[in-house]
Amino acid sequence: MPSTLFHLDSSPLGEASISRHLTAEFVKNWKLANPDGTVINRDTTTSAIPPVTAAWVGAAYTPEDARTPDQRELLALSETLIAELFAADEYVLGVPMHNFSIPSTLKLWIDQIARVNKTFSYATGAPVGLLTGKKATVLIASGGSYDAGTAMASYNHAEPYLRTVLAFLGVSETSFITAGGAAALMYGADRQTFLQPHVDSIRAQFQAA
Ligand SMILES: Cc1cc2nc3c(=O)[nH]c(=O)nc-3n(C[C@H](O)[C@H](O)[C@H](O)COP(=O)(O)O)c2cc1C
């Protein structure tokens, strides 16, 4: 059966974005490996995702068949965003580090897709993720370096947070590639030279598959 890839970008920097360059490389390789596959694109910077409100939370916790038309309307975008995740077998997420964490538009997206009895459940008392059988690759770009074991490692709230969220939602197979040290590009480092090892890591994932 043809596969479906969910491709999300969250950098506001367009062509200049490192994470967008890396997701584009991933998508190019994925299409070569899945010529009959479908790609679903989602850009959190252009999706006008609203913050959750009390009314939204009330709607989300109202049983589906008891929701008013207004409540259904409030949840419509969330339903669309969640349907994209269920429709895909595999995810690639492009994430710039912003203030040691993820961009605010990506957080807005997470708040819309983390839905009780949709993408997670506490029906048995313990949390169970409902996005099962999915594989995710997260491509992070950061100005600084936050390698494990370094003094800066504890400042990195992007990767640990995304690992937690994906695991909570049931995505058990995850792989993270971080292009750290992108700030060097502002001081004259060559973009292609900077990108190459990360592009190679992405290509290696497909060669290994
Ligand atoms: C608003 C903003 C906040 C940033 N905060 C951090 C930060 O906390 N730590 C860091 O290492 N780099 C930070 N950076 C640098 C970005 O992580 C870096 O430019 C990276 O390449 C962004 O990914 P992108 O090129 O895909 O947008 C920040 C950049 C912006 C625009």
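As shown above, the structure is provided for reference.
A brief report on the enclosed structure follows. (Residues numbered from 1 in each chain as written. Predicted model: local features only at pLDDT ≥ 70, side-chain atom pairs only at ≥ 80, totals over all residues. Heavy atoms only, no water.)

Observations regarding the nonpolar core
Line of reasoning, step 1. Counting 31 residues, the largest nonpolar core has F6, Y91, W109 and L162 as its most contacted members.
Line of reasoning, step 2. Of all the elements in the fold, those that place two or more residues in this core are β1 (4–9), α4 (76–87), β3 (90–96), α5 (104–113), β6 (135–141) and α6 (158–168).
Line of reasoning, step 3. What F6 contacts, discounting residues up to four positions off in sequence, is I40, R42, E84, L85, A88, E90, Y91, V92, L93 and W109.
Line of reasoning, step 4. Counting 17 residues, the second largest nonpolar core, distinct from the first, contains F26, L139, A182 and F206. (Core = buried A, V, L, I, M, F, W, Y, C linked by side-chain atoms within 4.5 Å. Buried < 20%, exposed > 50% of the residue type's maximum accessible area, 1.4 Å probe, protein only. Helix = DSSP H or I, 4+ residues; strand = E, 2+ residues; numbered from the N terminus. Contact = heavy atoms within 4.5 Å.)

Examining unusual backbone geometry
Peptide bonds are, in most cases, trans, and in most cases residues other than glycine have a negative phi.
Line of reasoning, step 1. With a phi angle near 50°, N99 is a residue other than glycine that sits in the positive phi range.
Line of reasoning, step 2. For N99, the location among the structural elements is in the loop between β3 and α5.
Line of reasoning, step 3. Phi at F100 takes a positive value of approximately 70°, unusual for a residue other than glycine.
Line of reasoning, step 4. Among the structural elements, F100 can be located in the loop between β3 and α5.
Line of reasoning, step 5. Given a relative accessible area of 36%, F100 falls into the partly exposed group.

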